[in-house]
Amino acid sequence: MRSLLKSTLLAALALTLIGCEDKAAQYANPPSRLTEQIDAYYPLSLKYVRKNEAIVLEQGKPLSPQFIEIARKIGIKHPEKVRIHYTEELPLPENESLLFQMQRLGLDSPYLVGMTFGYGIWIENRGRGNKQLIAHELIHVKQIEDKGLEAFTKDYLLQLLIFGYAESPIEIEAYELESQFL
């Protein structure tokens, strides 16, 4: 019985390690089936991102001095452009196909409290005042500034498809760094 358990654990560990290497290799050289999927959803995704950034830039509030300071520590080039929009719920795509893909990737999770679209940050009311959450979203603003909105959007889609939300390098970086700037 013990040897069976030991063998099962070793097999699971081996699959995990192989799976990680496979994901990294896929990300470095995405197979055509993934790039075709990204190419199909990229225009809809970019339209969704730009629309939600525009809403926040129009209706959102500028960062408070406290969050301007955090944005500067993070290295955001233009913290004065960032706006936060507090809302009852995060925006979902109107396009049924894009909505389905978001749901499939877990981006409609009830645990998701914030989303960043360029310089626009959406925060659900239940996350209001959560410094760590806002620092996390500000890290995404920095990532977007560094890559550009279009490249970031495409890369984020690719990472979601390969790694999933919790293991995507973009999210891991934000989760690892968020508390350093508080």
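For the structure, check the block above.
Keep in mind the model is a prediction, meaning the values are calculated, not measured. Residue positions are given per chain, counting from 1 as you read along its sequence in written order. In keeping with the predicted nature of the model, local features appear solely for residues at pLDDT of at least 70, side-chain atom pairs appear and are counted solely at 80 or more, and the whole-chain, interface and lining totals rest on all residues. Heavy atoms throughout the structure, all of them, feed into the side-chain values; hydrogens and water do not.

1. Details of helix α5 (residues 131-147)
Runs of H or I in DSSP of at least four residues are treated as helices and runs of E of at least two as strands, each being numbered from the N terminus. Expected helix span is given by 1.5 Å per residue-to-residue step, counting one fewer step than there are residues. Between its first and last C-alpha, α5 extends 24 Å over 17 residues, near the 24 Å set by a 1.5 Å rise per residue. Gly-148 occupies a position one or two residues after α5 and carries a positive phi of about 95°.

2. Description of the nonpolar core
If you look at the biggest cluster of nonpolar residues, it comprises 21 residues, and the most contacted ones within it are Leu-63, Ile-70, Ile-74, Val-82, Ile-121 and Leu-138. Considering every element that reaches this core, the biggest residue donor is α5, with six residues. Whether two residues are in contact is decided by their heavy atoms: any pair within 4.5 Å suffices. Non-local contacts of Ile-70, meaning those with residues more than four positions away in its chain, are made with Ala-135, Leu-138, Phe-181 and Leu-182. Here, the term nonpolar core denotes a set of buried Ala, Val, Leu, Ile, Met, Phe, Trp, Tyr and Cys residues that are joined through side-chain atoms within 4.5 Å. Exposure is judged per residue with a 1.4 Å probe applied to protein chains only, and the accessible area is read against the type maximum: over 50% gives exposed, under 20% gives buried, and values in between give partly exposed. Leu-98, Phe-117, Leu-149 and Leu-160 belong to the second largest nonpolar core, which has 20 residues in total.

3. A short note on the pairing of strand β4 (residues 120-124)
Burial within β4 is extensive, with five of its five residues counted as buried. By the alternation rule, side chains of β4 split into Gly-120, Trp-122 and Glu-124 and Ile-121 and Ile-123, which are all buried. The sheet contact formed by strand β2 (residues 83-87) and β4 spans five bridges and is parallel. Bridge pairing in β4 places Arg-83 opposite Gly-120. Strand pairing is assigned whenever DSSP identifies at least 2 bridges connecting the two strands. In this structure, strand β3 (residues 114-117) lies alongside β4, joined through four bridges in antiparallel fashion. Paired with Thr-116 across the bridge in β4 is Ile-121. Where β3 folds back on β4, the antiparallel hairpin that results is connected by two residues, among which Gly-118 adopts a positive phi of roughly 65°.

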